[in-house]
Amino acid sequence: MSVKAYDINSDYVLIAWKPPNIVNQAPIIGYFVDRCEAGSDTWVQCNDSPVNVCKYPVHGLKVGHTYHFRVRAVNSAGISRPSRKSDKVTALDTAESEKLQGTEEGVPSAPGHVVATRNSKSSVFVQWEASKHPKNLMGYYIDGRVVGAKDWFPCNHKPFKQNRFVVHGLVPGESYVFRVQAVNVFGLSEESQESTPISVEPALATPSAPYGITMLNCDGSSITLAWKSPKHCGGSKINAYYIDKRDVDSLVWKEVNQEAVTERICTVDSLIEGTFYEFKVQAANMAGVGLPSVPSLPMKCVAWTMEEPGPAYDLSFSEVRSHSLVFLWKAPVYYGKSAITGYYVDMAKKGSSEFETLNQEPVSHRYLQVTGLEEGQSYVFRVRAVNSVGVGKPSEVSDPVCAKALPGTKEIVASVDEETGDIYLSLEACEISETSKFVWSKNYKPIGECPRVSVTAKGRTSRLTFTNPDKDDLGRYSVVVTNTDGVSASHTLTDDALNTMLELSYSIRNPIIPLKHNLNYEVLEKGHVRFWVQAVKLSPSVSYRFIVNDKEVTSGEGHKISHNVAAGIIEMTVDNFTRASEGTYTVQIHDGKAKTQSSLVLVGDVFKAALKEAEFQRKEYIRKQGPHFSEYLYFTVTEHCTVMLACKVANVKKETSFHWFKEDEEIVPEDPPNVLSGACALPLPLFSRKDQGIYKAVLADDRGKDTSVFDISGQVFDDIINAITHIAGASASELVLQCTPEGIRLQCYMSYYTEEMKTIWKHKESKIASSEKMRIGGTAEMAWMQICDPSDKEKGHYSIEISDGVTTHTRTFDPLWTSIH
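Residues numbered from 1 in each chain as written. Predicted model: local features only at pLDDT ≥ 70, side-chain atom pairs only at ≥ 80, totals over all residues. Heavy atoms only, no water.

This part is about the layout of surface pockets. As a volume, the second largest pocket reaches approximately 1100 Å³. His68, Ser86, Asp87, Lys88 and Leu188 are the residues nearest the centre of the second largest pocket, which is lined by 42 residues in total. Breaking the lining of the second largest pocket down by element, the ones donating at least two residues are strand S1 (4–6), strand S3 (30–37), strand S6 (66–75), strand S8 (89–90), strand S12 (153–154), strand S14 (175–184) and strand S15 (187–188). Looking at which element gives the most residues to the lining of the second largest pocket, the answer is S14, with 4 residues. By residue class, the composition of the lining of the second largest pocket is 19 nonpolar, 11 polar and 12 charged. (1 Å grid on protein atoms, 1.4 Å probe; cavity = no way out; pocket = protein on both sides within 12 Å on 5 of 7 lines; lining within 4 Å. Points joined across faces, edges and corners; volume = space filled by probe spheres on them. Helix = DSSP H or I, 4+ residues; strand = E, 2+ residues; numbered from the N terminus. Nonpolar A, V, L, I, M, F, W, Y, C, P; charged D, E, K, R; others polar.)

The subject of this paragraph is the UniProt feature "domain: Fibronectin type-III" (unreviewed entry) in the protein chain. Taking the numbering used here, the UniProt-annotated feature "domain: Fibronectin type-III" (unreviewed entry) corresponds to residues 1–94, 110–203, 206–308 and 311–408. As a span, residues 110–203 carries 0% helix and 44% strand, and end to end its C-alpha atoms are 29 Å apart. (UniProt positions renumbered as here; feature names shortened; annotations may be inferred.)

For the rest of this paragraph, the subject is the sheet that holds strand S5 (residues 55–59). Strand order in the open sheet made by the 3 strands is S1-S2-S5, with antiparallel pairing throughout. Edge positions in the sheet fall to S1 and S5, since each has one partner strand and no second. Strand-to-strand twist across the sheet, computed as the mean angle between neighbouring axes with direction ignored, equals 35°. Bridge count for S1 against strand S2 (residues 12–16) is 3 bridges, and the pairing is antiparallel. Bridge pairing links Tyr6 to Leu14 in S2. (Pairing = 2+ DSSP bridges. Axes fitted to C-alpha atoms, helices over the stretch in contact; angles between N-to-C directions.)

Here we take up the environment of Val709. On the secondary structure map, Val709 appears in strand S54 (residues 704–712). A relative accessible area of 53% means that Val709 is categorised as exposed. Sequence spacing of Val709 and Lys662 is 47 residues, and the spatial spacing of their C-alpha atoms is 9.7 Å. Not counting residues up to four positions away in its chain, the partners in contact with Val709 are Leu633, Ile694, Tyr695 and Lys696. (Buried < 20%, exposed > 50% of the residue type's maximum accessible area, 1.4 Å probe, protein only. Contact = heavy atoms within 4.5 Å.)

Across the two faces of strand S13 (residues 164–167) the burial differs, with Phe165 and Val167 buried and Arg164 and Val166 not buried at all. Judged from the 4 bridges that link them, strand S10 (residues 123–128) and S13 form a sheet pairing that is antiparallel. Bridging across to S13, Phe125 finds its partner in Val166.

Structurally, the position occupied by Ser543 is in strand S42 (residues 543–548). Along the chain, Ser543 and Gln588 lie 45 residues apart, while their C-alpha atoms are 8.5 Å from each other. Apart from residues no more than four positions distant in its own chain, Ser543 is found in contact with Gln588, Ile589 and His590.

Here we have 3 strands laid out as an open sheet, ordered S17-S18-S21, and antiparallel in their pairing. Looking along the sheet, the strands with just one partner apiece sit at the ends: strand S17 (211–218) and strand S21 (265–268). Pairs of neighbouring strands in the sheet enclose a mean axial angle of 25°, with direction left out of account. In terms of strand pairing, strand S18 (residues 223–228) meets S21 through 4 bridges, oriented antiparallel. Its bridge partner lying in S21, Ala226 is registered against Ile265.

Our next topic: empty space enclosed by the protein. Scanning the model with the defined rule gives 1 cavity of 30 Å³ or more in all. Put simply, the largest cavity is a space of about 30 Å³. Lining the largest cavity we find Thr409, Lys410, Leu427, Cys430, Val487 and Ser488.

Turning next to the UniProt feature "domain: Ig-like" (unreviewed entry) in the protein chain. Here the UniProt-annotated "domain: Ig-like" (unreviewed entry) positions come out as residues 627–713. End C-alpha atoms of residues 627–713 are separated by 28 Å, and the span's content is 0% helix alongside 59% strand.

We now examine unusual backbone geometry. With a phi angle near 55°, Glu319 is a residue other than glycine that sits in the positive phi range. Its location among the elements puts Glu319 in the loop between strand S25 (313–318) and strand S26 (324–330). A relative accessible area of 6% places Glu319 in the buried class. Despite not being glycine, Asn651 has its phi angle at roughly 55°, a positive value. Assignment of secondary structure puts Asn651 in the loop between strand S49 (643–650) and strand S50 (657–662).

This is the structure in structure tokens:
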């Protein structure tokens, strides 16, 4: 859908588009139009309900503001993805629009050469040649892009009438290119050529003055000085310091050094003992030598003889956050009577002279993690060195430091390279300059050249990679980005974290192909055995080997080896699985850098079971080549309690014979078997113990013979009786009283009765055993109990229980005779 704007007014634009090409989709039922201001990512839907034509007037625009538009189609399945956004459209005042409409139509020519120059640490100054054919020019749009990125971002949201513009909000240290377009009522010009890439840095200048000159030592003929770096380096690295001196009785300053001093410490020799001297320092960078510092306080050249240490110096801060920081310093030049054993650190709020000592015991290292700070509060620090004699002279008070992290501050990340498996620490600086360097330290001692690690930097990110990490690499690592406003961070590498990363590193360097299923087997028809393994994923370049009992097996006679990339399956089929097939089966898989292997041990009982199954399937396959039983003999019981021996047959033809046998004597049923029907049955009516025995069905023709044997005895006989009882018991009538010459008889009629059925007669809940007095029996149609010569003793409740092993059917009778006959 090509989206364009027409009839542009101060608060109204007509948007039109082409319908999408649809083939198999449901018909379009309407469209939604969205707008967003240029430079914004926020889209606003313009119409509440879909419009069914390919144009829509958008109202409510702001005069002079620039917009993009897009369209989304709607059908019964839902709303489509949005179209590409339109070109920029500026809402114009009606009068100006009418004035411009009367001029010669056409967009302006493209602006000329674009030049970007350094301005500040987060802005760039962009200039360009004006369009040679302005054609009622409204102004210019400036776009920027990070070098190496694809997308451009707008630098201004309204046409800018001049041909120079300051682009703000850029990332310090990042490199950008810029382009410019001219705009009038008819649209945008072609884009200008891109500017030359420029890194965002402050404009070059000479450094500001050093400050804080302090005495570190004096031996009576020389004084060792230290000073603080300039607060502004001028946009390039400070590469030299120059010191001047004078005695306080002279107005003439003399150079101390003609060759540059690169460190912020210097010993001034050839001094006169007892004389007071003043000093001043200048810093230099690529732009030149900066202003001199304010002269130091007068310093008397008298040899230090105190037994306590002199002052520490070069106080600095790292990892400044909202509630913590790391305070660092350098050891005194003057040790006193003995070696320094530790340090005390004092802290005070800015503007206060009330210092508190942060550590109860001296620390032996030259840094201290300070916590519990108030966010936004400024603090000052000082250090006192300790030797065996006592506590020495305090250092100069540090510059104030505010407990607040730099915007965009990030911490060191400890991770493992997904490609190489290297364990590394990484920091992405929130700002950087052209002259910045990443200085890594371990326990706040610069690492420098070290075979245990390597340091690389790319853009705003530096990485410290461990060579062969082990417990010797545990500790606190920190990094400082020079020539920034204090970009720094630290990370403590612990034993647990290192072990976790070592495991991950090993898995990357020695990748394992994940398996859904390890090597397994299944027996196929014909007795073939399939060995298979399934990976989570395989590539088309996968390679593999099958090894059986330490010998590689290749695809060929007796073995078929293949794989399916889509399913992740690798398989080998063994055609002739025999006793010689016992052993260990292994598959080794390589896929790119990853590999794995899986083994299956087929020995002992496990192998015997597999071989038995294979031989069975082989025989089954052979059996099924001729006429065969698809279901071997089984029994069923009809609703009339007739037992049926049944079977199902397959692969038969007209000439196929079928014979029944009991104990090897043929049974000729009234209805000859019809093998072509697929099923044969032998009825056993009035089933009883006489029907026990071994039954056999034989199926044969010129292609082969199959036999099914069914032994009706033991549990099978009991199961048949229970099945008969289940049907017969459900059909049983209530007990009926019948008078006989011997007395009275209770009778229970049912569909079939045989004495093998489990029946129990009861009198007043007591079980009745068959006797001369009470005889129990039955016929095929009923079960009965005869009471001979009944007396009052035989009066009461009678019942019969017919059980099929699961369900018991009970029938009852309560005789009310009053006289006995």
